Amino acid sequence: MVQTPEELLQILGPEGGLEGELPELDDEALRDLFVHMMRVRCVDQRMLKLQRAGRVGFVGTARGLEGAMIGSAAVLRPTDWLWSGLREGGAAVMRGLPLAEYVAQMYCNSNDTAKGRQMCNHFQHQGTNYPSWSSVIGTQVVHGVGAAYASKQRGEEAVHAVYFGDGATSSNGFHSGLNFAAVWDAPVVFVCVDNGWAISVPSSAQTAAESYAAKARAYGIPGVAVDGNDVLACYQAAQDAVERVRAGEGPSLIVLHTYRMLGHSSSDDPSKYRDDEEVAEWERLDPIDRYEAFLISKGVLNEGERETIEADLYTEIDAVIHEQEAADPMPLATLVEDVYESVPRHLKEQYNAFLSVAKRYGEAERGEGEFPL
Amino acid sequence: MANLTLLQAVNDGLKIAMREDPSVLVFGEDVGPKGGVFLATEGLTAEFGEERCFDTPLSEDGIIGAAIGMAMNGLRPVAEIQFQDFIFPAFDQIVSEAAKLRYRSGGQYTAPMVIRTPYGGGIRGGLYHSQSGEAYFCHTPGLKVVIPSTPHDAKGLLIASIQDPDPVLFLEPKALYRSVKGEVPEGSYSVELSTMRTAREGDDVTVFCYGAMVPVCEQAAESAAASGISVEVIDLRTLYPLDEEGVLAAARKTGRVVNVHEAPRFCGYGAELSAIIAEHAIEHMEAPIMRVTGFDTPFPNTLEHNYLPDHRRVLDAIERVHAF
Ligand SMILES: Cc1ncc(C[n+]2csc(CCOP(=O)(O)OP(=O)(O)O)c2C)c(N)n1
Ligand SMILES: [Mg+2]
């Protein structure tokens, strides 16, 4: 468990015992959180399996982070915005991103709402105000602040939850973002998911500040350190931060201290830079096991029910995967669309020239014909 | 001689330069114990210690800005940007600072440093792990821009870049990291900057290219040969400052030119080549100077194989300038 100078907000003990005050959640809501966390884990497992089978290119893993993302994002309304970093796809699914769209994005196939333009793990969902991150670490932090400014100016109630990693706190976007939000008193909750690593760089080497939460103080906003493997603590911290915003008290930072259990991505071998012992220590703090123990003790979940939930989730996920395997090839015209609102003449020409060469060699899979000039 | 991949040649070049000159140091994101995401810096921390090969916080602006200061004060930094796509947070430091330092100080202060970064498509990396941004930097007086395409040149050009008194952007074609292998001399040697290489001799058409497009153009030349067209393939190796005499001689030799790059066309490197040839050798030209390039769009993901110029698109252009 991380050591922070601040007291770590914690509601569940390491074994799942209730040590703090339970958030206002009824049994059904408590159980839902569990299912959402399980779904994140099962989807992750399936994606890794598909990656090994060569069906998807790249998986930004989420194992270990389920409590942090689900707990914190569960407090958001669909009208609020979630500005994601690298790993919040599971939170998007909880908030309404259809699993089929999630899988289509992983396949980068023709059902992908972004038309296969981004590499895997760059989800978006307009319906719940979830833009995709670009890949360029930290850039979304400032976008979230600008959009929050717009919400405020346009009289919308929306809260903007801006997610980023420990590594991203070194980016220019983090600095400008926190600074602007504080100066503008923008309706933002900054959610730093400190998962211990930025690829191979430990979060202890990313900053010499006394803690990540302490950074908030320098910008004039509160910073709260949270046990990121305690889904209820993450929920409560996000709830408090969101309420501050809704009460007009301004932005704040919550830091969810957790641990990236697997490699940075499916292409990373973490054994080159970290000890198994540290990983084993965090395995004991697994957010799902811990929460399961709590729910069983509270009588919300029965012994063995997790297995049933898991089996149901895999059935659901596998059906979606099956469906996405059969997607049509990507239309070739998407090569030149969406660069501008309409396809300019020079791009039509480039596309037509490409198509004529492709046709000559029998390669124009899905060219629906030339653009009329 | 050893038979190395381009990636191994880069690694070897770094080690040689660090052994030769204790002021050379390597840093960036994940270059230390992990050895870089492509493993280009593998073994450096083990051999040279953490003072000379180390990880930085996640800030390209910090990496390049600090490299400039180090270079101004007696070190020879070789900074890695993990993907060329992530160089833009440091654009200001490169364009406003590193490139202009010598000029603005009347030569009193300089920034002899190398920025190594993998560029280009071919790994299904989508629009932020695939870009070819060379044109932005070739438009920046004070910088040198180098792109190898063979293991031999990767090592020799890297050593030359590290020894160079000016800032060098060293773009590594990631698509070729492991796909090309070749003979690489042991020990130290350098390949002179601003000299092109004739990758293949020919008489009918000249193709100018660099980086990952070199093998593509060689393949196109091979196909053209089958239909009786003899193609000269020029690997530019240093984009800026360019070996203009070499380029003009190769253009005049055939009078038919095709410029190939994977970056977008508009204001791309091919435009500069076309302009230089048109200005100085138009009277030798038998056909319009053609370009085969990426589309004027961001880099795609699923359709990257359609976006990237392949040997067929290059062959098509060769045949057209030949038949003109
Ligand atoms: C500007 C920029 N530099 C480098 C990278 C390469 N990169 C991708 S993820 C990553 C580490 C991010 O760490 P963190 O912010 O802690 O997020 P995590 O991966 O742990 O979720 C790096 C260096 C990038 N995507 N963008
Ligand atoms: Mg991290």
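**What about the packing of helix α9 (residues 244–254) of chain B against helix α10 (residues 269–281) of chain B?**
Residue and element names in this part refer to chain B. Packing of α9 against α10 brings their axes to within 10 Å, and their N-to-C directions diverge by 70°. As summarised for this structure, α9 and α10 are arranged roughly perpendicular, according to the angle between their axes. Taking contact as the criterion, the partners of E244, V247, L248, A251 and R252 in α9 are, on α10, L273, I276, I277, H280 and A281. Classifying every residue of the contact of α9 with α10 by side-chain character gives 7 nonpolar, 1 polar and 2 charged.

**Observations concerning the coordination of the magnesium ion (ligand 2)**
Residue and element names in this part refer to chain A. Surrounding the magnesium ion (ligand 2) are the protein donor atoms D166 (OD), N195 (OD1) and W197 (O), which sit 2.1 Å from the metal. Site description for the magnesium ion (ligand 2): donor spacing in sequence, D-x28-N-x1-W. Of this pair, D166 sits in the loop between β2 (160–165) and α6 (172–184) while W197 is found in strand β4 (residues 197–198), placing the two residues 31 residues apart along the sequence. A residue is classified by how much of its surface remains accessible, and D166, at 1% relative accessible area, is buried. The exposure class of W197 is buried, given its relative accessible area of 8%.

**A few points about the domain arrangement of chain A**
When its domains are assigned, chain A resolves into domain 1 (27–325) and domain 2 (331–373). For domain 1 of chain A versus domain 2 of chain A, the separation of C-alpha centres amounts to 38 Å.

**Things to note about the sheet that holds strand β5 (residues 114–119) of chain B**
Residue and element names in this part refer to chain B. If you trace the 7 strands from one edge of the open sheet to the other, you get β3-β2-β4-β5-β7-β6-β12, paired in mixed fashion. Every other strand in the sheet has two partners, leaving β3 (53–55) and β12 (238–240) as the edge strands with one partner each. On average, each strand axis in the sheet is inclined to that of its neighbour by 20°, with strand direction left out of account. For strand β4 (residues 76–80) and β5, the ladder comprises 3 bridges, and the chain directions are parallel. Across the sheet, residue E80 finds its bridge partner in β5, namely R116. Along the sheet, helix α1 (residues 6–20) makes contact with β2 (24–28), β4, β5 and β7 (168–173), crossing β2 at roughly 130°.

**Describing the site of ligand 1**
The environment of ligand 1 is made up of 19 residues, and the closest members are R87, S135, G167 and N195 of chain A together with E60 of chain B. Between N195 of chain A and ligand 1, the recorded distance is 2.8 Å, taken from a side-chain N or O atom to an oxygen atom. Its free accessible area being 580 Å², ligand 1 has 95% of it covered by the protein chains.

**Notes on the pattern of salt bridges**
One pass over the full model with this rule turns up 37 salt bridges over all chains. Across the salt bridge formed by E156 of chain A and R154 of chain A, the nearest N and O atoms sit 3.0 Å from each other. Here E156 of chain A falls in the partly exposed class, since its relative accessible area comes to 34%. For R154 of chain A, a relative accessible area of 62% translates into the label exposed. Where R360 of chain A meets E319 of chain B, a salt bridge forms, and the shortest distance between an N and an O atom there is 2.6 Å. With R360 of chain A in helix α12 (residues 345–360) and E319 of chain B in helix α12 (residues 311–323), the pair connects residues from two separate chains. Shared partners join several salt bridges into a network, and the residues in it are R360 of chain A together with D316, E319 and R320 of chain B.

**Comments concerning unusual backbone geometry**
All names here are of chain B. At the junction of Y240 and P241, the peptide bond is cis and its omega measures out at -5° in the coordinates. Its place among the elements puts P241 in the loop between β12 and α9. One non-glycine residue, C267, lies in positive phi territory at about 60°. Judged by relative accessible area, C267 falls into the exposed class, the value being 61%.

**Things to note about the interface of chain B and chain A**
If you look at the interface, chain B gives 40 residues, while chain A gives 41 residues. Of the roughly 3,200 Å² buried between chain B and chain A on both sides combined, carbon and sulfur atoms contribute 59%. It is K34, L58 and F295 of chain B that lose the most area in chain B upon contact with chain A, and together they represent 20% of the buried surface on that side. Taken together, the connections running from chain B to chain A amount to 4 salt bridges.

**Things to note about a negative patch on the surface**
Taken together, the side chains of D275, D276, E277, E278 and E281 of chain A present a region of like negative charge at the surface. Along the chain, the position of D275 of chain A falls in the loop between β7 (252–257) and α9 (276–283).

**Looking at empty space enclosed by the protein**
Residues and elements named next belong to chain A. Tallied over the full model, the rule gives 6 cavities of 30 Å³ or more. For the largest cavity, the lining is made up of 21 residues, of which V40, V43, G89, G90 and Y102 are closest to its centre. Secondary structure elements with two or more residues in the lining of the largest cavity: α1 (27–52), α3 (89–95) and α4 (99–107). The leading source of residues in the lining of the largest cavity is α1, at 6 residues. Within the lining of the largest cavity, the residues separate by chemical class into 12 nonpolar, 5 polar and 4 charged. What the second largest cavity holds in volume is close to 50 Å³.

**Thoughts on helix α7 (residues 151–163) of chain B**
Residues and elements named next belong to chain B. Between its first and last C-alpha atoms α7 spans 19 Å; for 13 residues at 1.5 Å apiece the expected length is 18 Å, and the two agree. Counting buried positions over the 13 residues of α7 gives 11, a clear majority of the element. Where α7 is concerned, the buried positions are P151, D153, A154, K155, G156, L157, L158, I159, A160, S161 and I162.

Quick notes on the rules
Residues numbered from 1 in each chain as written. Chains lettered and ligands numbered in written order. Predicted model: local features only at pLDDT ≥ 70, side-chain atom pairs only at ≥ 80, totals over all residues. Heavy atoms only, no water. Axes fitted to C-alpha atoms, helices over the stretch in contact; angles between N-to-C directions. Helix = DSSP H or I, 4+ residues; strand = E, 2+ residues; numbered from the N terminus. Parallel < 35°, antiparallel > 145°, perpendicular 65-115°, else oblique. Contact = heavy atoms within 4.5 Å. Nonpolar A, V, L, I, M, F, W, Y, C, P; charged D, E, K, R; others polar. Donors = N, O, S within 2.8 Å, 3.2 Å for Na, K, Ca; no water. Buried < 20%, exposed > 50% of the residue type's maximum accessible area, 1.4 Å probe, protein only. Domains from an automatic or database assignment. Pairing = 2+ DSSP bridges. Near = heavy atom within 4 Å. Polar contact = N/O pair within 3.5 Å; in protein donor to acceptor, adjacent residues only side chain to side chain. Areas by Shrake-Rupley, 256 points an atom, 1.4 Å probe, with all protein chains shown as cover. Salt bridge = Lys/Arg side-chain N within 4 Å of Asp/Glu carboxyl O. Buried area = accessible area lost by both parts, 1.4 Å probe. Patch = residues over 30% accessible without salt bridge, like charges linked within 9 Å, V, L, I, M, F, W, Y side chains within 5 Å. Lys, Arg positive; Asp, Glu negative; His and termini not counted. Charge placed at Lys NZ, Arg CZ, Asp CG, Glu CD. 1 Å grid on protein atoms, 1.4 Å probe; cavity = no way out; pocket = protein on both sides within 12 Å on 5 of 7 lines; lining within 4 Å. Points joined across faces, edges and corners; volume = space filled by probe spheres on them. Expected span 1.5 Å × (residues − 1).

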